[in-house]
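Structural overview for review
Here is what each chain is made of, one letter per residue.
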Amino acid sequence: MRGRNDAGHSKRPIVLCCMMIVSLCLLFLYFSGSNGQAKSTAFEYGTKFSRTLGWGSDDGEDGSEESIFGTGDADDVKPKSFPVCDDRHSELIPCLDRNLIYQMRLKLDLNLMEHYERHCPPPERRFNCLIPPPHGYKVPIKWPKSRDVVWKANIPHTHLAKEKSDQNWMVEAGEKIKFPGGGTHFHHGADKYISNIANMLNFKDNNINNEGMLRSVLDVGCGVASFGGYLLSSNVIAMSLAPNDVHQNQIQFALERGIPAYLGVLGTKRLPYPSRSFELAHCSRCRIDWLQRDGILLLELDRLLRPGGYFAYSSPEAYAQDEEDLRIWKEMSALVERMCWKIAEKRNQTVIWVKPLNNDCYRRRAPGTKPPLCKSGDDPDAVWGVPMEACITPYPEQMHRDGGTGLAPWPARLTTPPPRLADLYVTADTFEKDTEMWQQRVENYWSLLGPKVKPDTIRNIMDMKANFGSFAAALKDKDVWVMNVVPHDGPSTLKIIYDRGLIGSNHDWCEAFSTYPRTYDLLHAWTVFSDLDKRGCSAEDLLLEMDRILRPTGFIIVRDKSTVIEFIKKYLHALHWEAITVVDAEPSPEPEENEMIMIIRKKLWLPEAGSHDSST
């Protein structure tokens, strides 16, 4: 008995070991099959690699203080490849994806345009794949030629050419699409229309820039942005704005042309721009009901206009004589009068209103007049996800006393410390030192880019963490424009950027940006990845997002810690990127930063042909 019992005990460990080995083999086969299937599918939701490391959440409360970038050791986990998305996702905008809205069954008010506002996928529904270019994609035509012509293969949509054929928006021309410069209310060209607006305002020589005092414009419902494109020759920059609606490729055309543009809508949330950012707002038959909800959309424009700013409105209500248009014109006139706007000029199809220079008119209104003034605790510069309110934003006391913004004319405005620096407790000396520092840094960047960059190689630039906009200011002599992105949860420096005569947007880099794929030539990421480390968002998702918005043959400049640089190196092959150079950053006033600079170039690859290099 004792011998048989001993034999039984000796066999049990062997049986248990065999069972464990079989179980491990089955698990291995299961996950191998899953991985193989993931690589063969056209796309998948979520970020599998991120989830294995505990990334992909936005709360940063995983209880770990360890950096997501590790130590930079070569033994860290390294992905080998990303799947390629289906062709139907070649124009994917993750946070403006109507398919996602339907799938998630979001209850949105279509009358309030909520379905055109940002609705981002949760981490488990994000696409973990590379966005392919369309078949036949070519390196974009260079600026300034691109203002007037683009490759049809890059944006293979011609319905606007047919739908707007009588308005000269765009014309098919073989392999290209041409833009004659027309619009719904300026069939004969944006240049003549712009000159007419300047003439209506009695600007010298019919020049819309008004001797440098009119610099920043918001073009609402911009179409293919010909209005903004033609403003550039007058040293005026427009934020061309339109939703991803039935004319869904209009902003894609604008950016392909090299014209500043942003996907957005006047719906229920404030636009991602600070108060008093624009000298002129413009709407040419933009199909907006300005009277809805007590004039809330017109009051959003009021928030964005500077003291003495203009609203140029070209629409049938301004000139038509039928009963409905007359009714709308009467009600709209009464609304803007209560808002203290006055008619600067009304001619033919266009009316131009002007906003008051100070608070005097607001204070003279009868008690109970609507729309009311916003409450004293309202922050007009808080914009990210903040609902609009049907109220008038009065001027701060200092601006009221000054009767204006106190801004210098362009181009002196670019380097002159603006008065609103005091809102951030920033001195003029700090501002000037920041400007000088970034001038040196940008000169170093361009020397590192060297022969890879010709004068016309780069047009659309994004500064992913712009601070005061000094990176963009240092590029003033180059034929480029910069989308200055300011973190939504940091100091409200975006108003300083607008006061310098530049443009930009608030954003949260835990989410996708509101733009089409392949719309920027250069991305500048200064400590953007280090910021993600503090928030617990997915660095891998950010890499995929940067790849989505970067044009093939475009560049990325990463300025960050050495651990970040080593982390990104591991993804170069997977993303079809190549490192141009990696160097130590220039000496910094903060020696503990120890920043490095990595310059990357995105290769031109096509799904049917594999990846390959392409010169510009």
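As recorded in an unreviewed UniProt entry, the protein chain goes by Methyltransferase and comes from Urochloa decumbens. Reading the Sequence similarities (unreviewed entry) entry of the UniProt record for the protein chain gives the comment "Belongs to the methyltransferase superfamily."

Moving on: the sheet that holds strand β17 (residues 595-602). Ordered in space as β13-β12-β11-β14-β15-β17-β16, the 7 strands form an open sheet in which the pairing is mixed. Whereas interior strands pair on both sides, the edge strands pair on one side only; in this sheet they are β13 (503-507) and β16 (577-584). Mean inter-strand twist for the sheet, computed between neighbouring axes without regard to direction, equals 15°. Taken together, the 7 bridges between β16 and β17 define a ladder with antiparallel strand orientation. For Val-582, the partnering residue across the bridge sits in β17 and is Met-598. Packing against the sheet, helix α16 (residues 539-549) makes contact with β11 (460-463), β14 (520-526), β15 (550-561), β16 and β17, and its axis sits at approximately 140° to β15.

Applying the stated rule across the entire model yields 6 disulfides. A sulfur-sulfur separation of 1.9 Å characterises the disulfide bridge that pairs Cys-283 with Cys-286. On the sign convention where negative means left-handed, the S-S torsion of about -90° between Cys-283 and Cys-286 marks this disulfide as left-handed. Here Cys-283 falls in the buried class, since its relative accessible area comes to 1%.

Read across the sheet, 3 strands follow the order β1-β3-β2 without closing on themselves; strand pairing throughout is antiparallel. Each having just a single partner strand, β1 (149-151) and β2 (171-173) make up the two edges of the open sheet. The mean inter-strand angle of the sheet, taken between neighbouring strand axes irrespective of direction, is 30°. As paired elements, β1 and strand β3 (residues 176-178) share 3 bridges and run antiparallel to each other. Residue pairing for β3: Val-150 is matched across the bridge by Ile-177.

Moving on: the pairing of strand β5 (residues 237-242). Within β5, 6 of the 6 residues are buried, leaving the element largely enclosed by the surrounding structure. Of the pairings in the sheet, the one linking strand β4 (residues 216-220) to β5 comprises 5 bridges and is parallel in character. Of the residues in β5, the one forming a bridge with Ser-216 is Ile-237. Running through helix α6 (residues 226-231), the crossover from β4 to the neighbouring parallel element β5 is right-handed. Both β5 and strand β6 (residues 261-263) contribute to a ladder of 3 bridges, which runs parallel. The residue bridging Ala-242 from the neighbouring strand is Leu-263, located in β6.

At a closest axis distance of 11 Å, the pairing of helix α8 (residues 292-304) and helix α9 (residues 323-338) adopts a crossing angle of 60°. With respect to their mutual orientation, α8 and α9 come out oblique. Helix-helix and strand crossings are classified by hand; for α8 and α9 the assignment is right-handed. For the pair formed by α8 and α9, the contact residues are Asp-294, Gly-295 and Leu-298 on the first element and Met-332, Leu-335 and Val-336 on the second. A per-class count over the contact of α8 with α9 returns 4 nonpolar, 1 polar and 1 charged.

Here we take up the pattern of salt bridges. Side chains carrying opposite charge are able to pair once their charged atoms draw close together. A full pass over the atoms with the stated rule returns 28 salt bridges. Residues Asp-86 and Arg-88 are paired through a salt bridge, measuring 2.5 Å at the closest nitrogen-oxygen approach. We classify Asp-86 as buried; its relative accessible area is 18%. Of the charged contacts, one joins Asp-423 and Lys-495 as a salt bridge, the two residues approaching to 3.2 Å between their closest N and O atoms. You can see Asp-423 sitting in the loop between α11 (397-402) and α12 (428-449) and its partner Lys-495 sitting in helix α14 (residues 494-499), a full 72 residues away along the chain.

Right, let's get into the side chain of Ser-277. Following the sequence through the fold, Ser-277 ends up in the loop between β6 and β7 (278-284). Since its relative accessible area comes to 0%, Ser-277 is described here as buried.

A word on the pairing of strand β9 (residues 342-347). Bridge count for β9 against strand β10 (residues 350-354) is 5 bridges, and the pairing is antiparallel. Bridge pairing in β10 places Glu-345 opposite Ile-352. What sits between β9 and β10 in their antiparallel hairpin is a turn of 2 residues, with Asn-348 showing a positive phi close to 55°.

All right, on to the nonpolar core then. Judged by nonpolar contacts, the single largest core of 121 residues is most densely connected at Leu-218, Tyr-273, Trp-290, Leu-298, Phe-311, Trp-446 and Ile-568. Apart from the residues lying within four places of it in its own chain, the contact partners of Tyr-273 are Leu-218, Met-239, Leu-241, Tyr-262, Phe-278, Arg-303, Leu-304, Val-383, Leu-494, Tyr-498, Gly-504 and Ser-505. Grouped together as the second largest cluster of nonpolar side chains are 21 residues, Ile-194, Ile-197, Val-236 and Ile-352 included.

The final tally for this structure, using the stated rule, is 23 aromatic pairs. Relative to Tyr-571, the ring of Phe-82 lies with its centre 6.3 Å away and its plane at 20°, an arrangement referred to as stacked. Placement of the pair is Phe-82 in the loop between α2 (48-52) and α3 (98-104) and Tyr-571 in the loop between α17 (562-569) and α18 (572-575), with a sequence separation of 489 residues. Judged by its relative accessible area of 8%, Phe-82 falls in the buried class. Joined through ring pairs, the aromatic side chains of Tyr-262, Tyr-273, Phe-278, Tyr-498, Trp-509 and Phe-513 make up one cluster. A cation sits over an aromatic face here: Arg-441 above Trp-438, 4.6 Å from the ring centre.

Their axes nearest at 10 Å, the elements helix α15 (residues 528-535) and α16 cross at an angle of 145°. Once α15 is placed against α16, the crossing between them reads as right-handed. Here Val-528, Phe-529 and Leu-532 of α15 come into contact with α16, specifically with Ala-539, Leu-542, Leu-543 and Met-546. A class-by-class count of the residues in the contact of α15 with α16 yields 7 nonpolar, no polar and no charged.

This part covers the confidence of the model for the protein chain. Summarising the model, the protein chain shows a mean pLDDT of 87, and 83% of its residues fall at 70 or more. Low pLDDT, under 50, characterises residues 1-13; the predicted model gives this stretch 0 contacts beyond four residues in sequence or across chains. Note that residues 26-64 has pLDDT below 50 and, in this model, 71 contacts with residues that lie over four places away or in other chains.

This next bit is on the environment of Glu-175. Among the secondary structure elements, Glu-175 is positioned in the loop between β2 and β3. Residues Glu-175 and Pro-156, spaced 19 residues apart in sequence, show a C-alpha to C-alpha distance of 10.0 Å. Aside from chain neighbours lying at most four places away, what touches Glu-175 is Lys-138, Val-150, Trp-151, Lys-152 and Ala-153.

What counts as what
- Numbers given for residues are sequential positions, taken from 1 along each chain in its written order.
- Only residues with pLDDT of 70 or above have their local features reported here, since the model is predicted, and side-chain atom pairs are shown and tallied only from 80 upward, although totals for entire chains, interfaces and linings are computed over all residues.
- The side-chain quantities take in all heavy atoms of the structure and omit both hydrogens and water.
- UniProt positions are given in the numbering used here, feature names are shortened, and annotations may be inferred rather than shown by experiment.
- Two strands qualify as a pair provided that DSSP identifies no fewer than 2 bridges between them.
- Per the convention used, a helix needs a DSSP run of H or I reaching at least four residues, while a strand needs a run of E reaching at least two, with both numbered from the N terminus.
- The axes used here are C-alpha line fits, helices contributing only the stretch in contact, and every angle between their N-to-C directions lies in the interval 0 to 180 degrees.
- We call two residues in contact when some of their heavy atoms are within 4.5 Å.
- Disulfide: a pair of cysteine sulfur atoms within 2.5 Å of each other.
- Partly exposed residues are those whose accessible area sits between 20% and 50% of the maximum for their type, while under 20% is buried and over 50% is exposed, using a 1.4 Å probe and protein chains only.
- With the strands aimed away from the viewer, a crossover counts as right-handed if its path from the first strand over the helix to the second runs clockwise.
- If an angle is under 35 degrees, it is roughly parallel; if it is over 145, roughly antiparallel; if it lies from 65 to 115, roughly perpendicular; otherwise it is oblique.
- Two helices that cross are described as forming a left-handed crossing if the nearer one is turned anticlockwise from the farther one by less than a right angle, and a right-handed crossing if clockwise.
- Under the scheme applied, nonpolar residues are Ala, Val, Leu, Ile, Met, Phe, Trp, Tyr, Cys and Pro; charged residues are Asp, Glu, Lys and Arg; polar residues are all the others, including Gly.
- In the sections that follow, a salt bridge refers to a side-chain nitrogen of Lys or Arg positioned within 4 Å of a carboxyl oxygen of Asp or Glu.
- Buried residues of nine kinds, namely Ala, Val, Leu, Ile, Met, Phe, Trp, Tyr and Cys, make up a nonpolar core once their side-chain atoms join them within 4.5 Å.
- Side-chain rings of Phe, Tyr and Trp, where Trp is taken by its six-membered ring, are said to pair if the distance between their centres is within 6.5 Å; with planes under 30 degrees apart they count as stacked, over 60 as edge-to-face, and otherwise as tilted.
- By definition, being over a ring means that NZ of Lys or CZ of Arg is both within 6 Å of the ring centre and within 35 degrees of the ring normal.
- Values of pLDDT, which run from 0 to 100, indicate the predictor's confidence residue by residue.

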